[in-house]
Amino acid sequence: MTNSIKWGMIGAGDVTEVKSGPAFKKVPHSDLVAVMRRDAVKVQDYARRHGIRKWYTDAKQLIDDEEVNAVYIATPPDTHLQYCMMALQAGKAVYVEKPVTLNVEEAMRLANYVQKVGGYLSVAHYRREQPYFKKIVQIIDDGLIGEPLVISLQLLKKSLTEEMLQDPKIAWRLDPAKSGGGLFHDLAPHQLDIIYRLFGPIQKSEGLALNLGKRYPADDVVTGRILFENDVLFNGLWAFNVTEEVDRCEIFGSKGKLTLSFFTPHTIELVNEKGVQLFHFEALKHVQQPMIEAVVGYLRGERGNPCSIDDALEVATIMQNFTNK
């Protein structure tokens with residue numbers, strides 16, 4: 001890659017407004033020079049508000065733009081495989097949102113294609129590069145809870161209101177044909193990627209998924225367990241139809257315990273022989289900025305890939321084994 005990474009962005013929905021889009025212009029050696037969305041009025045408005053010089057309503061035109069040497073794919077998962085392969089075929093680097101594809105079969109096809117063409121592809125499991133989760137890695141690597149033994153994770157959310165069900169920004173996430181599943185497929189990749197990063201490789205994974213509410217086509221309750229090759233055992237529960245909101249993960253070790261959250265990551269609690277220690281973190285304005293900076297470093301040859309297609313394939317496999325779909 002060249003020293004300067006010139007990004008073209010396919011998709012300009014909510015996820016890009018604050019979480020990711022502005023960060024491409026704030027990271028050194030990076031610029032967002034083009035954006036694509038099928039709605040001409042909306043894409044022009046997005047480009048104007050974010051100071052992006054070029055806009056397109058056709059993905060191929062953006063990919064073929066000679067100034068663009070890297071493509072950020074921020075569309076629903078049903079288009080990820082197509083756009084990734086188009087960009088890789090054109091010799092462009094790719095940064096693609098999670099989940100990486102609709103299912104394991106597509107993820108395997110993409111992994112094989114990346115290997116075939118020798119292209120650059122990183123997946124937006126962006127929590128890997130945030131200071132909060134790097135601190136968790138450090139605590140475990142430093143042995144502050146001893147040998148990790150058991151992980152217990154719960155993500156519980158209240159049932160969606162009728163108004164939410166009609167909101168287009170939410171509705172596509174509940175359509176397995178577009179998202180690969182439901183809210184589990186939207187949220188769990190963030191969690192499972194960190195768990196895999198901490199404790200992989202995996203010996204086996206299994207689970208159960210149910211549509212108890214029957215208010216939309218996707219499952220609203222998922223439970224799963226993972227046995228890692230180092231004999232660490234993970235148990236997880238995701239329920240999107242309850243009356244209580246819980247976002248908690250506990251990592252039990254031979255000498256202590258870590259308590260953390262994934263979607264309100266401000267405080268880590270460490271309990272060991274020294275007592276209770278709390279580690280506080282400020283919320284990031286652009287949550288993907290650390291990962292985008294890492295991807296730019298990778299494309300410039302300054303570091304390795306912060307999240308490869310092989311890593312994302314592992315997460316996709318866990319999710320498929322949990323849901324049996």
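Residues numbered from 1 in each chain as written. Predicted model: local features only at pLDDT ≥ 70, side-chain atom pairs only at ≥ 80, totals over all residues. Heavy atoms only, no water.

Caption draft 1: Quick look at the side chain of histidine 190. Along the polypeptide, histidine 190 turns up in helix α11 (residues 183-199). Histidine 190 has contacts with Lys98, Tyr126, Arg127, Phe262 and Phe263, leaving out every residue within four places of it along the chain. (Helix = DSSP H or I, 4+ residues; strand = E, 2+ residues; numbered from the N terminus. Contact = heavy atoms within 4.5 Å.)

Caption draft 2: Quick peek at the packing of aromatic side chains. The full count for this structure, using the stated rule, is 13 aromatic pairs. An angle of 70 degrees between the planes, with centres 4.9 Å apart, marks the rings of tyrosine 132 and phenylalanine 133 as edge-to-face. Its relative accessible area of 3% is what places tyrosine 132 among the buried residues. (Phe/Tyr/Trp six-rings, centres within 6.5 Å; stacked < 30°, edge-to-face > 60°. Buried < 20%, exposed > 50% of the residue type's maximum accessible area, 1.4 Å probe, protein only.)

Caption draft 3: Focus on the nonpolar core. By size, the foremost hydrophobic cluster in this structure holds 58 residues, and its most contacted members are Trp7, Tyr95, Leu110 and Leu121. Among residues more than four places away in sequence, those in contact with leucine 110 are Leu81, Cys84, Met85, Leu88, Val100, Thr101, Leu121 and Ile309. (Core = buried A, V, L, I, M, F, W, Y, C linked by side-chain atoms within 4.5 Å.)

Caption draft 4: Geometry of the sheet that holds strand β2 (residues 30-36). Strand order across the open sheet formed by six strands is β3-β2-β1-β4-β5-β6, with parallel pairing between neighbours. The sheet is open, and its two borders are formed by β3 (54-56) and β6 (121-123), each paired with just one other strand. Taking each pair of neighbouring strands and ignoring which way they run, the sheet shows an average axis angle of 25 degrees. Bridge analysis of strand β1 (residues 5-10) against strand β4 (residues 70-73) gives four bridges, and the strand direction is parallel. Its bridge partner lying in β4, tryptophan 7 is registered against alanine 70. Together, β1, β2, β4, β5 (93-96) and β6 form the strand contacts of helix α12 (residues 289-299), whose direction differs from that of β1 by roughly 125 degrees. (Pairing = 2+ DSSP bridges. Axes fitted to C-alpha atoms, helices over the stretch in contact; angles between N-to-C directions.)

Caption draft 5: Expanded view of the packing of α11 against helix α13 (residues 309-323). At a closest axis distance of 9 Å, the pairing of α11 and α13 adopts a crossing angle of 120 degrees. The angle between the axes of α11 and α13 places the two elements in the oblique class. You can see that α11 and α13 cross each other, and the crossing is right-handed. Seen from α11, the contacting residues are Phe184, His185, Pro189, Leu192, Asp193 and Tyr196; seen from α13, they are Asp311, Glu314, Val315, Ile318, Met319, Phe322 and Thr323. Classifying every residue of the contact of α11 with α13 by side-chain character gives eight nonpolar, two polar and three charged. (Parallel < 35°, antiparallel > 145°, perpendicular 65-115°, else oblique. Left-handed = near helix turned anticlockwise from the far one by under 90°. Nonpolar A, V, L, I, M, F, W, Y, C, P; charged D, E, K, R; others polar.)

Caption draft 6: The arrangement of the sheet that holds strand β7 (residues 148-158) in detail. The strand order across the open sheet built from eight strands is β8-β9-β10-β7-β11-β12-β13-β14, with neighbouring strands paired in mixed fashion. What marks the edges here is a single partner per strand, and that holds for β8 (202-210) and β14 (275-280). Each strand of the sheet is rotated relative to its neighbour by a mean of 10 degrees, with strand direction disregarded. Of the strand pairs in this sheet, strand β12 (residues 256-260) and strand β13 (residues 267-272) are connected by four bridges, and their pairing is antiparallel. Directly across from threonine 259, in β13, lies its bridge partner glutamate 269. Where α11 meets the sheet, its contacts fall on β7, β8, β9 (221-228), β10 (233-242) and β11 (246-253), and the angle it forms with β10 comes to roughly 165 degrees.

These figures come from the coordinates and say nothing about function on their own.
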